[in-house]
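Geometric and topological summary
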Amino acid sequence: MTGAATSMTPKVYGWCPGALRPMMSGDGLVVRIRAPLGRLSVEQAQAVAELSERYGNGILDVSARANLQLRGVTVDQHPALITALQDLGLVDNDAAIEARRNVLVAPFWSAGDETHILTQRLNSGLLQATDLTLPGKFGFAVDTGPAPVLRDTAADIRIERNGNGFVLVADGAETSQSVTLDSAADEALILARWFLAQGGAPNGHGRMRPLIARRGPPPAHGAPLAAPAPQQHLIQTATGRLIGLEFGQITATDFATLASYGPLRLTPWRMLLVETTDNIVPLPSLILDATDPRLQVSACTGAPGCLQALSSTRALARDLAPYVPPGSKLHVSGCTKGCAHPGASPLTLTATAPDTYHLIQGGTAADQPAQKNLSADQLRTSPDILTKGC
Ligand code: SF4
C-alpha cells in the first residue's frame, strides 16, 4: 500500500472546508460548494461539470452534509475557479459568511413552501449575524416536510415540523422548542447564542450534542419531537427522481448528462434528486436499482486520495457489499474520523494500518472494536467475520 498515512491519530482541523477555504487532499484541493437551498439549475450544474474538468480532476463528490465537492484542484487554479463559481452564484464573497451559512435543507421543498421560506430567512439571519462566531463544523438543518428526513445527518440546530406547527431542536435533546413560521429563524440564532453562552465552544471548538449531554436541554425545550420519516430509497418523488451515487461520487461527464434531465438537488444520502419524471438511462457513476448492494455501504475517500488515510477503503467496501445483511449497513473508514458516516453504523471497519482494519459493531469509526487487526484479504475470504457476535 502506498500513499497511506502511518499515524493512528487523525489530524482534527475543527473546521469544514469550503470553496474559499479549501482543504488539501491526496489528489489536490477539495473545493466544497454550499449551493443555496441545495439546488443547482441545469445551467449551474452543467457549468460546474465543465469547471470540474477544466480546473479539477473531473470528479465530484456529494458530501454527507449535501455539499458538492470539486476534487483535484491545484493551488494555482483555485482563484480562477472561485471567480467562475461566484459568477454562477454558488460561492459567497467572504469566507466568514461561507462558514456561517452552514444550512442543510431537506431536498423535497417546493418554491414558496415553508421549508423554502425558513431556509431563506435563516440564511439571511446568518448573513447579518456578523457577531456570531460559531465553531467551523456547527450547522443548521431545515427539515420541515411532513416528517423529519434529516435526523441521521449531523446538524446542531434543527427546524422541524411537529403536527401543524414548527419546533426547534438542539441536537441531542429529546424534547424541542415550539416556534412559529415567523419566529423560527430568529429563535434558531438565539439558540446558537445560548450554545456559545453555555460554554459550548471552548477555544472555538465544540458541538451542540456534547453540550446537551453535559447540561441537559435548553430551558425553552419541552415540546415533543415528531417521529422521523423512514429511510429514503431510490424512488420517484413528487419533487423528482432520487438517484444513487457509488460512495457519493460522480464524474463531471455523468453530472452534466444528469443535469440534461433537469435541475439537481443535493442530498446527504449519497443521492442526487433530479427534477424530472423521465426515465434516466444508466450511466457509469449512477446506481438506479434500489436493490444494488452498494447502497448498503459507505466509504470515505481513503488512501491515496486522503492524506490522513491509513489504508484504502472503497475497493474493500465494494467487495464486501454483497455480504452486508439485508437492512444493515457497512461503513469503511480510512481513519477514526469517520468522515463518510460520522454517526454509529451497524458495522464499521476502521483502517489502522495499510490493508488492516478494526471491526466495530454498532458504533462509530472511533469506538471500541469487537475485533482488531483484520486484514483486507481475511475479510474478503471470510466476509462472515463482519456479523459474527452481532
Ligand atoms: S475518515 Fe477518511 S476521508 Fe476522513 S480523514 Fe479519515 S481517511 Fe480521510
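For the structure, check the block above.
To start, this report covers the structure provided alongside it. Owing to the predicted nature of the structure, the values given are computational and were not obtained by experimental measurement.

So, about the overall build of the protein chain. A count of helices and strands for the protein chain gives nine helices and 20 strands. Since a compact globule built from 390 residues should have a radius of gyration of about 21 Å, the 20 Å found for the protein chain is in line with a globular shape. Its C-alpha atoms give the protein chain principal-axis dimensions of about 55 × 45 × 40 Å. Taking all 390 residues of the protein chain together, the buried fraction comes to 54%. A total of about 16,300 Å² of accessible surface is found on the protein chain, and carbon and sulfur atoms cover 53% of it. The positive charge centre, built from 31 side chains, and the negative charge centre, built from 33, are 5 Å apart in the protein chain.

Taken together, the side chains of Met 24, Val 75 and Leu 307 present a nonpolar region at the surface, about 290 Å² in accessible area. Relative to the helices and strands, Met 24 is located in strand S1 (residues 23–25).

Bringing the pattern of salt bridges into the picture now. Counted by the stated rule, this structure contains 17 salt bridges. Note that Asp 319 and Arg 380 form a salt bridge whose closest N and O atoms lie 2.6 Å from each other. Here the residue Asp 319 occupies a position in helix H8 (residues 314–320), and Arg 380 occupies one in helix H9 (residues 376–381), the gap between them amounting to 61 residues. The class of Arg 380 is partly exposed, set by a relative accessible area of 35%.

The strand order across the open sheet formed by five strands is S3-S13-S14-S11-S15, and the pairing between neighbours is antiparallel. Because the sheet does not close on itself, it has two edges, and the strands there are strand S3 (39–40) and strand S15 (286–287). The sheet contact formed by strand S13 (residues 264–266) and strand S14 (residues 271–274) spans three bridges and is antiparallel. Among the inter-strand pairings, Leu 266 is bridged to a residue of S14, identified as Leu 272.

Glancing now at the packing of helix H5 (residues 184–197) against helix H6 (residues 208–215). Here H5 crosses H6 at 65 degrees, and the two axes come no closer than 11 Å. Between H5 and H6 lies a crossing whose hand is left-handed. Two secondary-structure elements touch here, H5 through Leu 191, Trp 194 and Phe 195 and H6 through Met 208, Leu 211, Ile 212 and Arg 215. The residue inventory of the contact of H5 with H6, partitioned by class, reads six nonpolar, no polar and one charged.

One pass over the structure, following the stated rule, counts three aromatic pairs. Aromatic pair Phe 138 and Phe 195: ring centres 4.7 Å apart, planes at 45 degrees, arrangement tilted. Of this pair, Phe 138 sits in the loop between helix H4 (114–128) and strand S7 (140–143) while Phe 195 sits in helix H5, and the two are 57 residues apart along the sequence. Judged by its relative accessible area of 2%, Phe 138 falls in the buried class.

The subject of this paragraph is the site of the ligand. Near the ligand you find Cys 300, Cys 306, Ala 309, Ser 333, Gly 334, Cys 335, Lys 337, Gly 338 and Cys 339, and these make up its full shell. Each residue belonging to the shell around the ligand can be placed in one class, and the counts come to five nonpolar, three polar and one charged.

Among the residues making up H6, those that are buried are Met 208, Leu 211 and Ile 212. The arc that holds every buried residue of H6, seen down its axis, measures 100 degrees, which confines them to one face. Turned more than 90 degrees from where H6 packs its buried face, Ala 213 and Arg 214 sit exposed. In the segment just after H6, Gly 216 is the residue with positive phi, at about 85 degrees.

Turning to the nonpolar core, a few remarks are in order. Core analysis: the biggest nonpolar cluster contains 50 residues, and Val 48, Leu 68, Leu 70, Leu 85, Phe 255 and Leu 258 have the highest contact counts within it. Considering each element in turn, this core owes the most residues, five residues, to helix H1 (residues 42–55). Per-domain counts for this core show at least three residues from each of domain 1 (23–94 + 237–287) and domain 2 (109–215). Those residues in contact with Leu 258 that sit more than four places away from it in its chain are Ile 250, Leu 264, Leu 272, Val 274, Ile 280 and Leu 286.

Over its 14 residues, H5 runs 20 Å from end to end, which matches the ideal 20 Å to within 8%, given 1.5 Å per residue. The complete set of buried residues in H5 reads Ala 184, Ala 185, Ala 188, Leu 189, Leu 191, Ala 192, Trp 194 and Phe 195. Buried-residue contacts for H5 involve H4, S7, strand S8 (157–162), strand S9 (165–170), strand S10 (177–179) and H6. Just past H5, the residue Gly 199 takes up positive phi, approximately 80 degrees.

On to the side chain of Asp 61. Tracing the sequence through the fold places Asp 61 in strand S4 (residues 59–62). Among the residues examined, Asp 61 registers a relative accessible area of 5% and is labelled buried. Within the local environment of Asp 61, its side chain forms a polar contact with the side chain of Gln 249, the two groups lying 2.6 Å apart. Apart from residues lying up to four places away in sequence, Asp 61 is in contact with Asn 67, Leu 68, Gln 69, Arg 71, Gly 248 and Gln 249.

Here is what the cut-offs are and how they apply
- Residues numbered from 1 in each chain as written.
- Predicted model: local features only at pLDDT ≥ 70, side-chain atom pairs only at ≥ 80, totals over all residues.
- Heavy atoms only, no water.
- Helix = DSSP H or I, 4+ residues; strand = E, 2+ residues; numbered from the N terminus.
- Rg over C-alpha atoms; globule rule 2.2 N^0.38 Å.
- Buried < 20%, exposed > 50% of the residue type's maximum accessible area, 1.4 Å probe, protein only.
- Areas by Shrake-Rupley, 256 points an atom, 1.4 Å probe, with all protein chains shown as cover.
- Lys, Arg positive; Asp, Glu negative; His and termini not counted.
- Charge placed at Lys NZ, Arg CZ, Asp CG, Glu CD.
- Patch = residues over 30% accessible without salt bridge, like charges linked within 9 Å, V, L, I, M, F, W, Y side chains within 5 Å.
- Salt bridge = Lys/Arg side-chain N within 4 Å of Asp/Glu carboxyl O.
- Pairing = 2+ DSSP bridges.
- Axes fitted to C-alpha atoms, helices over the stretch in contact; angles between N-to-C directions.
- Left-handed = near helix turned anticlockwise from the far one by under 90°.
- Contact = heavy atoms within 4.5 Å.
- Nonpolar A, V, L, I, M, F, W, Y, C, P; charged D, E, K, R; others polar.
- Phe/Tyr/Trp six-rings, centres within 6.5 Å; stacked < 30°, edge-to-face > 60°.
- Near = heavy atom within 4 Å.
- Arc of directions from axis to C-beta.
- Core = buried A, V, L, I, M, F, W, Y, C linked by side-chain atoms within 4.5 Å.
- Domains from an automatic or database assignment.
- Expected span 1.5 Å × (residues − 1).
- Polar contact = N/O pair within 3.5 Å; in protein donor to acceptor, adjacent residues only side chain to side chain.

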